[in-house]
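In case you want the letters, here they are:
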Amino acid sequence: MQRTLVLCKPDAIHRRLVGAIVQRLENKGLRLVAAKLLHANRALAERHYAVHRGKPFYESLLNFITSGPTLAMVWEGREAVQVVRALLGPTDGVKAPPGTIRGDFSLSVQNNLVHASDSPETAEQEIALWFAPEELVAWEPCDERWTGATAG
Ligand code: UDP
Ligand code: MG
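In this text, all values refer to a predicted model and were calculated from it rather than measured experimentally. (Residues numbered from 1 in each chain as written. Chains lettered and ligands numbered in written order. Predicted model: local features only at pLDDT ≥ 70, side-chain atom pairs only at ≥ 80, totals over all residues. Heavy atoms only, no water.)

Where do I start with the site of ligand 1 in this structure?
Taken together, K9, Y49, H52, F57, L61, R85, T91, R102, V109, Q110 and N112 form the complete shell of residues around ligand 1. Between ligand 1 and the protein, one listed contact pairs an oxygen atom with a side-chain N or O atom of H52 at 2.8 Å. Separating an oxygen atom of ligand 1 from a side-chain N or O atom of T91 is a distance of 2.6 Å. A total of 500 Å² of accessible area belongs to ligand 1 in isolation, and the protein chains cover 79% of it. (Near = heavy atom within 4 Å. Polar contact = N/O pair within 3.5 Å; in protein donor to acceptor, adjacent residues only side chain to side chain. Areas by Shrake-Rupley, 256 points an atom, 1.4 Å probe, with all protein chains shown as cover.)

Help me understand the side chain of Q2, please; the structure alone is not making it clear to me.
By secondary structure assignment, the location of Q2 is in strand β1 (residues 2-8). Looking at Q2, its side chain comes within polar contact range of the main-chain nitrogen of A80, at 3.2 Å. (Helix = DSSP H or I, 4+ residues; strand = E, 2+ residues; numbered from the N terminus.)

Before we go on, may I ask you to explain the side chain of N112 in this structure?
Relative to the elements of secondary structure, N112 occurs in the loop between α6 (101-105) and β4 (114-116). From its side chain, N112 meets the backbone oxygen of T91 in a polar contact 3.1 Å long. With residues near it in sequence (within four places) discarded, N112 still touches K9, D11, T91, R102 and S106. (Contact = heavy atoms within 4.5 Å.)

Could you clarify how one ought to interpret the sheet that holds strand β3 (residues 69-77) in this entry?
Across a sheet, paired strands are connected by hydrogen bonds in the backbone, their directions being either parallel or antiparallel. Strands sit in the order β2-β3-β1-β4 across an open sheet of four strands; the sheet is antiparallel. Of all strands in the sheet, those bounded by a partner on one side alone are β2 (31-39) and β4. Going from strand to strand, the sheet's axes swing by 20° on average, the running direction of each strand aside. With three bridges joining them, β1 and β4 adopt antiparallel strand pairing. The residue bridging L7 from the neighbouring strand is H115, located in β4. Across the sheet, helix α5 (residues 80-88) touches β1, β3 and β4, and the angle it forms with β1 is around 30°. Packing against the sheet, helix α7 (residues 120-130) makes contact with β1, β2, β3 and β4, and its axis sits at approximately 60° to β1. (Pairing = 2+ DSSP bridges. Axes fitted to C-alpha atoms, helices over the stretch in contact; angles between N-to-C directions.)

What is the right way to read the pattern of salt bridges from this model?
Working definition: two side chains of opposite charge can pair if their charged atoms are close together. Taken as a whole and assessed by the stated rule, the structure comprises eight salt bridges. For E135, the salt bridge identified is with K36, shortest N-O distance 3.1 Å. You can see E135 sitting in the loop between α7 and α8 (144-147) and its partner K36 sitting in strand β2, a full 99 residues away along the chain. Taking relative accessible area as the criterion, E135 reaches 32% and is therefore assigned partly exposed. The network of salt bridges with common partners includes R3, R31, E76 and E144. (Salt bridge = Lys/Arg side-chain N within 4 Å of Asp/Glu carboxyl O. Buried < 20%, exposed > 50% of the residue type's maximum accessible area, 1.4 Å probe, protein only.)

Here is the structure:
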């Protein structure tokens, strides 16, 4: 069973889109295993976006992500990493197709509402960065045999 880190970024909180975003992940059959609202500080943002250090948008990205509250979550399910990335759509809201979260709710490259891990390895690192192990709640959804969340 795979886990992935999902962040509703400050624009999602300000625009009151948390419910719509969470709804799509739940509808897909993924299960929520951790969630907390926090205001990320610069140190956390730098570690989270370390891969983008030095890029032209790096400083404004850090300013954005530290500008307000973020809802950090861990979601679990079969191939959860690729499934959530597909639900998000491409980075640029203009290029993201209708039906995806970014495609339906964003016109921006930076203010694209949601972050999701891009590989199982990244997911492991990002989950460890945002959550302590005891904050992850293991549980079995009662409809799991119908959603195919575990098996193929
Ligand atoms: N971003 C930006 N300008 C760019 C590209 C990306 O501000 O030209 C922001 C955007 O919020 C994006 C984040 O930086 O979600 C991380 O970029 P990445 O390429 O990893 O996109 P993602 O994995 O989030 O789709
Ligand atoms: Mg990325």
